[in-house]
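Structural overview
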Amino acid sequence: SSSLQRQPPQSVPQQQQTQTARNNPQPSQPTEMLEIDISCRKCADTGPEGSARAFLKGPRPLSIVLCENRIQSNPDEITELLTHELIHFYDVQTLRLDLSQCQNLAYTETRAAKYAECRSTWAPMRDLCAESTATRATKVIFPQSGRSCVRNVFAKAYNDNRPFDK
């Protein structure tokens, strides 16, 4: 049995909510503006950045960093990287996952791999691709427990299609 750790929701400043409402009026539901900072820079050769092509930085502000020293900048690669990191962004922002917890990281890595690196993999093999990709990524931060964390959450994470199932 696995449990996912949730972080408390982050509130949007009132001024930001008012500006959003003026720009996008929807009287039936309050609108929440979400800003995403995306930057591109040279990444470190050690630590969690050591082998990353991109990563989620945060928690405040939560942002996406592309590693200019590890990407080729072709459109397919950028699409894959942004898809992967935006899944993490969604999982942290909306599902309130705390990625400092092994099972939470494994959960979001599984989802990100399914929709990014493994999206073009032959359907009967996509789950194996996602599991191996998620395991590799999770073991960067949790070398001893990464594999078991992925195994513990894999079925639930792989079948979680949010936000695409709406």
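Structure shown above.
Please read these numbers as outputs of a predicted model, since none were measured by experiment. (Residues numbered from 1 in each chain as written. Predicted model: local features only at pLDDT ≥ 70, side-chain atom pairs only at ≥ 80, totals over all residues. Heavy atoms only, no water.)

1. Observations concerning the packing of helix H4 (residues 123–141) against helix H5 (residues 146–158)
- Interhelical geometry of H4 versus H5 gives an angle of 140 degrees and a closest axis separation of 9 Å. Considering the angle they form, H4 stands oblique to H5. Note that H4 runs across H5; the crossing there is right-handed. Contacts from Arg 126, Asp 127, Ala 130, Glu 131, Ala 134, Thr 135, Thr 138 and Lys 139 of H4 reach H5 at Gly 146, Arg 147, Val 150, Arg 151, Phe 154 and Tyr 158.
- Class assignment of the residues belonging to the contact of H4 with H5 gives a composition of five nonpolar, three polar and six charged. (Axes fitted to C-alpha atoms, helices over the stretch in contact; angles between N-to-C directions. Helix = DSSP H or I, 4+ residues; strand = E, 2+ residues; numbered from the N terminus. Parallel < 35°, antiparallel > 145°, perpendicular 65-115°, else oblique. Left-handed = near helix turned anticlockwise from the far one by under 90°. Contact = heavy atoms within 4.5 Å. Nonpolar A, V, L, I, M, F, W, Y, C, P; charged D, E, K, R; others polar.)

2. Structural notes on the pairing of strand E3 (residues 63–67)
- Of all five residues in E3, five are buried; the element is thus mostly enclosed.
- Where strand E1 (residues 37–41) lies against E3, five bridges are found, and the strand directions are parallel. If you follow Ile 38 over to E3, its bridge partner there is Ile 64.
- In this sheet, E3 lies alongside strand E2 (residues 54–57) in antiparallel orientation, the contact comprising four bridges. The residue bridging Phe 55 from the neighbouring strand is Val 65, located in E3.
- Here E2 folds back onto E3, and the loop between the two strands holds five residues. (Buried < 20%, exposed > 50% of the residue type's maximum accessible area, 1.4 Å probe, protein only. Pairing = 2+ DSSP bridges.)

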